[in-house]
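Structural description and commentary
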Amino acid sequence: MIAALAFYLFASILIASAVMVVTSRNPVHSVLYLILAFFNAAALFLIAGAEFLAMILVIVYVGAVAVLFLFVVMMLDVDFVQLREGFQRYAPIGAIIGGILFLELLFVLGTWQFAADAAELRLSPTPAGVSNTKALGRIIYTDYIFLFQAAGLILLVAMIGAIVLTLRDKHHSKRQNIAVQVARTSELTMAQPALGEGIRREDILRPLPPPSKAPKPVAHHGHGHDDDHGHGGGHH
Amino acid sequence: MAEFLASPLGILALTVAKTLALLVPVLIFVAYLTWAERKVLAAMQLRRGPNVVGPMGLLQPFADALKMLMKETIIPSGSSRLLFLGAPMLTFTLAMLGWAVIPVNDGWAIADINVGILYLFAISSLGVYGVIIAGWASNSKYAFLGALRSAAQMVSYEVSMGFVIVTVLMCVGSLNLTEIVRAQENLWFIIPLFPMFIIFFISILAETNRAPFDLPEGESELVAGFFVEYSSMSFALFFLGEYANMILMSSLTTILFLGGWYAPFAFEPFTWIPGPVWFILKVCFCLFTFIWVRATFPRYRYDQLMRLGWKVFLPFSLLWLVMTAAFLKLTGMLPA
């Protein structure tokens, strides 16, 4: 009785928030509704007795994926006028694709057949006396370990692909090499540079100043040397 | 009486009573943690700290609470009103939610669930939402920068935290918090898994946004970070949430590494002290270390923080995880 009430409560909130994800005007609100939807899905898992799946759903989707969604959506400056520009033109194509997908779904559901032993499996989702965390672990890491590892490898390849595609050549970025910094000794050296030349040793953060042909008057140079020329690009 | 307690209404009443019996002491603990932090920091900086309100300043937390209540709640005109007010409530609620599964003594947890550690991990990973929503809803650039920093920081440190938890779970063979403590009856996990303890402790500093990882609220560059625009009770809720989270994370450390309610030695003078007292003492030790770290280390630079999380802690905890697994397997100590 209570379980049924809770089911209908969570299921209706889930559907309502899923609708709000699509219809809400502010993209940040959309993501927040998506998070609400994840939560209610987790609650439904709990009612079904799949506590491990419920927790993993919250940890992975709400705790990590949705945070990154929110991160990106907040940073984007979405212009709705521009987004709606081509609506008239693309609406028919979208409707056709949607219709085809809907028909496919109907065909699939029309030919749906329950396996002979599905009914009894549904009644006992986990074997008696084994917690569902253990049951899942047994299936994934013992029975189907190679398939599971293969799936992991495919994801890894996709991840590497994404990184390779977005990695840009960053010659101009200044990296900090901690090992070099730690190994550096603090010994001081005295130098006597020529007037207006400055010290020609490469600094850690700034590139060398461009070599000047003739020594300039001292009044315009002096201490500001590095700052005047350093950020200008140098010759690296 | 017995049949009333077995009825649904009775179970509800009992749960409410248990929850109050846990949360009221936690809130008092939070109040005195703020006092203790000021006292300890003062002692480390050769000052006296709060010493005017009450003997030794002991009534200072209540004076602060009263002050917060009397202040005006200011809502910035450009803010998203509902989210702006919802964010501090969310932070505070999440900090309280985790306590449902904490076993202070053998069998004292309100909800002794099978996946207790995952529940705690899930709750702690949600803490970032309070910060992000607050930063976005304030419609202020300092708050927003703080929120973005916090999002990246908490997601990064959760990864190594997860590996540390998995290492402990491998030694226990259960996700239940009570079982995790029971597995440490003879040997606390801090001894065989000492490097993991260090990584875990540093990660929870980052996870609770405490110094030296308090970049989301770094006052020298972001004024106060994500809660610049907050005042009065909404600010107080953030404050309470942060301190309650510190206590929650210290309890988690106690459960995972410091043997929960067990005495350090299982013989006479130590066993006279009851389990919950040992638990609270260990939590106090962790909290003292939190404050000690705050008084000692300067704030990390942002790129160094990311480097530490991804390039130092992640590979190291992964390596230690594999080594622990290999050791348990080869010596046949893997729990069934």
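Cut-offs used in this document
- Residues numbered from 1 in each chain as written.
- Chains lettered and ligands numbered in written order.
- Predicted model: local features only at pLDDT ≥ 70, side-chain atom pairs only at ≥ 80, totals over all residues.
- Heavy atoms only, no water.
- Helix = DSSP H or I, 4+ residues; strand = E, 2+ residues; numbered from the N terminus.
- Contact = heavy atoms within 4.5 Å.
- Areas by Shrake-Rupley, 256 points an atom, 1.4 Å probe, with all protein chains shown as cover.
- Rg over C-alpha atoms; globule rule 2.2 N^0.38 Å.
- Buried < 20%, exposed > 50% of the residue type's maximum accessible area, 1.4 Å probe, protein only.
- Salt bridge = Lys/Arg side-chain N within 4 Å of Asp/Glu carboxyl O.
- Polar contact = N/O pair within 3.5 Å; in protein donor to acceptor, adjacent residues only side chain to side chain.
- Nonpolar A, V, L, I, M, F, W, Y, C, P; charged D, E, K, R; others polar.
- UniProt positions renumbered as here; feature names shortened; annotations may be inferred.
- Axes fitted to C-alpha atoms, helices over the stretch in contact; angles between N-to-C directions.
- Parallel < 35°, antiparallel > 145°, perpendicular 65-115°, else oblique.
- Left-handed = near helix turned anticlockwise from the far one by under 90°.
- Patch = residues over 30% accessible without salt bridge, like charges linked within 9 Å, V, L, I, M, F, W, Y side chains within 5 Å.
- Core = buried A, V, L, I, M, F, W, Y, C linked by side-chain atoms within 4.5 Å.
- pLDDT = per-residue confidence, 0-100.

**Notes on the overall build of chain A**
Counting secondary structure elements, chain A contains ten helices and zero strands. For chain A, the α and β elements follow one another from N to C terminus as α-α-α-α-α-α-α-α-α-α. Within chain A, counting contacts between residues at least 6 apart in sequence, those at least 24 apart form 51% of the total. Of the accessible surface of chain A, which amounts to about 18,900 Å², a share of 68% is contributed by carbon and sulfur atoms.

**Thoughts on the overall build of chain B**
In terms of regular secondary structure, chain B is built from 13 helices and zero strands. Secondary structure of chain B in N-to-C order comes out as α-α-α-α-α-α-α-α-α-α-α-α-α. What you see for chain B is a C-alpha radius of gyration of 21 Å, in line with the 20 Å of a compact globule of 336 residues. With respect to the principal axes defined by its C-alpha atoms, chain B has extents near 65 × 55 × 45 Å.

**Considerations on the environment of Ile 291 of chain B**
Residue and element names in this part refer to chain B. You can see Ile 291 is positioned in helix α12 (residues 275–296). On the accessibility criterion, Ile 291 (2% relative accessible area) is buried. Linking Ile 291 and Ala 36, residues 255 residues apart in sequence, is a C-alpha distance of 9.0 Å. Sequence-distant contacts of Ile 291, that is, excluding residues within four places in its chain, are made with Leu 33, Ala 36, Glu 37, Val 40 and Leu 41.

**Side note on the interface of chain A and chain B**
On the chain B side, the residues contacting the 24 residues of chain A number 27 residues. Seen at the junction of chain A and chain B, the total is zero salt bridges. Inspection of the chain A/chain B interface yields three residue pairs in polar contact (both at pLDDT 80 or more). Looking at the side of chain A that touches chain B, the elements with two or more residues in it are α2 (27–47), α3 (51–75) and α7 (132–143) of chain A. Residue contributions to the side of chain A that touches chain B peak at 13 residues, all from α3 of chain A. A per-class count over the side of chain A that touches chain B returns 16 nonpolar, six polar and two charged.

**Brief notes about the UniProt feature "transmembrane region" (unreviewed entry) in chain A**
Mapped onto this structure's residue numbering, the UniProt feature "transmembrane region" (unreviewed entry) falls at residues 6–24, 31–50, 56–78, 90–115 and 144–167 of chain A. In residues 6–24 of chain A, helix accounts for 95% and strand for 0%; the two terminal C-alpha atoms are 26 Å from one another.

**Thoughts on the packing of α3 of chain A against helix α5 (residues 116–137) of chain B**
Relative to each other, α3 of chain A and α5 of chain B sit at 20°, their axes nearing to 9 Å. The orientation of α3 of chain A relative to α5 of chain B falls into the category roughly parallel. Here the hand of the crossing between α3 of chain A and α5 of chain B comes out left-handed. On α5 of chain B, the residues that touch Phe 52, Met 55, Val 58, Ile 59, Val 62, Gly 63, Ala 66, Val 67, Leu 70 and Met 74 of chain A of α3 of chain A are Leu 118, Tyr 119, Phe 121, Ala 122, Ser 125, Leu 126, Val 128, Tyr 129, Ile 132 and Trp 136 of chain B. Of the residues that constitute the contact of α3 of chain A with α5 of chain B, the class distribution is 18 nonpolar, two polar and no charged.

**With respect to a nonpolar patch on the surface**
Residue and element names in this part refer to chain B. A cluster of nonpolar side chains, contributed by Phe 4, Leu 5, Leu 9, Leu 12, Leu 14, Val 16, Leu 20, Val 24 and Ile 28, occupies part of the molecular surface with about 790 Å² of accessible area. For the nonpolar patch, the elements supplying multiple residues, two or more each, are α1 (2–6) and α2 (8–44). Considering every element that reaches the nonpolar patch, the biggest residue donor is α2, with seven residues. For Leu 14, the position within the fold is in helix α2.

**As for the UniProt feature "transmembrane region" (unreviewed entry) in chain B**
Residue and element names in this part refer to chain B. Here the UniProt feature "transmembrane region" (unreviewed entry) sits at residues 6–32, 82–104, 116–137, 157–175, 187–206, 247–265, 277–297 and 309–328. Across residues 116–137, the secondary structure splits into 100% helix and 0% strand, with the terminal C-alpha atoms separated by 32 Å. Along residues 277–297 the backbone is 95% helical and 0% strand, and the end-to-end C-alpha distance reaches 30 Å.

**Topic: the environment of Gly 161 of chain A**
Residues and elements named next belong to chain A. Relative to the assigned elements, Gly 161 resides in helix α8 (residues 145–166). Classification of Gly 161 as partly exposed rests on a relative accessible area of 29%. Between the C-alpha atoms of Gly 161 and Val 21, which are 140 residues apart in sequence, the distance is 30 Å.

**Structural notes on the side chain of Asn 245 of chain B**
The topology assignment puts Asn 245 of chain B in helix α10 (residues 232–257). Ignoring sequence-local partners within four residues, the contact set of Asn 245 of chain B consists of Ala 95 and Thr 208 of chain B.

**Re the packing of helix α6 (residues 141–172) of chain B against helix α13 (residues 302–330) of chain B**
Residue and element names in this part refer to chain B. Following both chains from N to C, one finds α6 and α13 inclined at 15°, their axes separated by 9 Å at the closest point. In terms of orientation, α6 and α13 fall into the roughly parallel class. Two packed elements cross with a definite hand, and for α6 against α13 that hand is left-handed. Residues belonging to the contact of α6 with α13 are distributed by class as follows: 19 nonpolar, seven polar and one charged.

**Comments concerning the nonpolar core**
All names here are of chain B. Residues Ile 117, Tyr 129, Ile 180, Phe 200, Leu 256 and Phe 257 are the most contacted members of the largest nonpolar core, which totals 112 residues. Here this core takes 16 residues from α5, the largest share from any one element. Excluding residues within four positions of it along the chain, Ile 117 makes contact with Ile 165, Leu 169, Leu 175, Leu 177, Ile 180, Leu 252 and Leu 256.

**Re the confidence of the model for chain A**
All names here are of chain A. This prediction gives chain A a mean pLDDT of 78; 75% of its residues lie at or above 70. Within chain A, the lowest mean pLDDT, 43, falls on helix α10 (residues 225–230), and the highest, 93, falls on α8. The low-confidence segment residues 220–236 (pLDDT under 50) makes 24 contacts with residues lying over four places distant or belonging to another chain.

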